[in-house]
Amino acid sequence: DTGVSQDPRHKITKRGQNVTFRCDPISEHNRLYWYRQTLGQGPEFLTYFQNEAQLEKSRLLSDRFSAERPKGSFSTLEIQRTEQGDSAMYLCASSLVSGNYGYTFGSGTRLTVV
Amino acid sequence: AQSVTQLGSHVSVSEGALVLLRCNYSSSVPPYLFWYVQYPNQGLQLLLKYTSAATLVKGINGFEAEFKKSETSFHLTKPSAHMSDAAEYFCAVSEEKYGNKLVFGAGTILRVKS
């Protein structure tokens, strides 16, 4: 068990380009969450999966954002037509269904849109 | 709806002094409460959690927090600050009925002076 892994750690992209991030959760964790953290703020919930099912999406997740978790294993978060306002740290976390044990977070992907 | 308020965006203490980081929450049902620590350019690490068992919760690195329902508070303390405690600390609340997604406070940056 190597924890939650996120790739890449850093991404710089030009406005209007598409980007995709990957998250590999702890293997026995069936819940996977995506959060976004902007400078000086706490993380904000984006979406979560239980196994392969996407159970909830935040209003923050516009139509340009899409997340998948095929086969209930790793997950990808894609942002289409990136905007400067998308610049943030994107955090992935995983947990067992009974989330009162707390999450395990990955180190995050820092996106900079120029 | 759940919410978290962290009083003081910056707290400065001397090495060896008491650390007190304040957190107040709003929740419609008995909540799960968490404290996370974040070092620069890293993900969040769980310090401790309250899951309706003992109201005084002990965590890693000598931190503890006390759940006070009457005050809707979950303040984080450490008797003696170390230089290595300098980081940003986030309080968070979750509820089972919301899929245990976390609602975070805005964070408190702890500075430790030598």
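Refer to the structure presented above.
Computed from a prediction, not measured in an experiment: that's the story for all the values here. (Residues numbered from 1 in each chain as written. Chains lettered and ligands numbered in written order. Predicted model: local features only at pLDDT ≥ 70, side-chain atom pairs only at ≥ 80, totals over all residues. Heavy atoms only, no water.)

(A) Main features of the overall build of chain A. Assigned secondary structure in chain A consists of 0 helices and 11 strands. Its helices and strands in sequence order give chain A the pattern β-β-β-β-β-β-β-β-β-β-β, from N to C terminus. The C-alpha radius of gyration of chain A comes to 13 Å, within 12% of the 13 Å expected for a compact globule of 114 residues. By its C-alpha atoms, chain A is 40 × 25 × 20 Å across when sized along the principal axes. By residue count, 47% of the 114 residues in chain A fall in the buried class. If you take every contact in chain A between residues at least 6 apart in sequence, the share linking residues at least 24 apart comes to 53%. Taken as a whole, chain A presents about 5,700 Å² of accessible surface, with 43% of it coming from carbon and sulfur. Between the centroid of the 14 positive side chains of chain A and the centroid of its 12 negative side chains there is a distance of 6 Å. (Helix = DSSP H or I, 4+ residues; strand = E, 2+ residues; numbered from the N terminus. Rg over C-alpha atoms; globule rule 2.2 N^0.38 Å. Buried < 20%, exposed > 50% of the residue type's maximum accessible area, 1.4 Å probe, protein only. Contact = heavy atoms within 4.5 Å. Areas by Shrake-Rupley, 256 points an atom, 1.4 Å probe, with all protein chains shown as cover. Lys, Arg positive; Asp, Glu negative; His and termini not counted. Charge placed at Lys NZ, Arg CZ, Asp CG, Glu CD.)

(B) Structural view of the overall build of chain B. When you go through chain B residue by residue, the secondary structure sums to 0 helices and 12 strands. For chain B, the succession of helices and strands along the chain, N to C, is β-β-β-β-β-β-β-β-β-β-β-β. For 114 residues, the compact-globule estimate of 2.2 N^0.38 gives 13 Å, and the C-alpha radius of gyration of chain B, at 13 Å, lies within 12% of that figure. By residue count, 46% of the 114 residues in chain B fall in the buried class. For chain B, long-range pairs separated by at least 24 residues make up 57% of all intrachain contacts whose partners lie at least 6 apart in sequence. Approximately 5,300 Å² of chain B is accessible, and the part contributed by carbon and sulfur atoms is 52%. Positive and negative charge centroids in chain B, built from 10 and 8 side chains respectively, lie 2 Å apart.

(C) Quick peek at the interface of chain B and chain A. Taken together, the 21 residues of chain B in the interface contact 24 residues of chain A. For the pairing of chain B and chain A, the buried interface totals around 1,700 Å² over both sides, and the portion due to carbon and sulfur atoms is 53%. Area buried by chain B at its contact with chain A is led by B:Asn41, B:Leu44 and B:Lys101, which between them contribute 27% of it. Seen at the junction of chain B and chain A, the total is 1 salt bridge. (Buried area = accessible area lost by both parts, 1.4 Å probe. Salt bridge = Lys/Arg side-chain N within 4 Å of Asp/Glu carboxyl O.)

(D) Summary view of the state of the cysteines. As enumerated under the stated definition, the model contains 2 disulfides over all chains in all. Put simply, A:Cys23 and A:Cys92 are joined by a disulfide, and their sulfur atoms are 1.9 Å apart. Because the torsion about its S-S bond is -70°, the bridge between A:Cys23 and A:Cys92 counts as left-handed. Of this pair, A:Cys23 sits in strand E3 (residues 19–24) while A:Cys92 sits in strand E9 (residues 88–95), placing them 69 residues apart in sequence. With a sulfur-sulfur separation of 1.9 Å, B:Cys23 is cross-linked through a disulfide to B:Cys91. Judged by the sign of its S-S torsion, about -60°, the cystine formed by B:Cys23 and B:Cys91 is left-handed. Here the residue B:Cys23 occupies a position in the loop between strand E3 (19–21) and strand E4 (24–26), and B:Cys91 occupies one in strand E10 (residues 87–94), the gap between them amounting to 68 residues. Like B:Cys91, B:Cys23 is buried. (Disulfide = S-S within 2.5 Å.)

These figures come from the coordinates and say nothing about function on their own.
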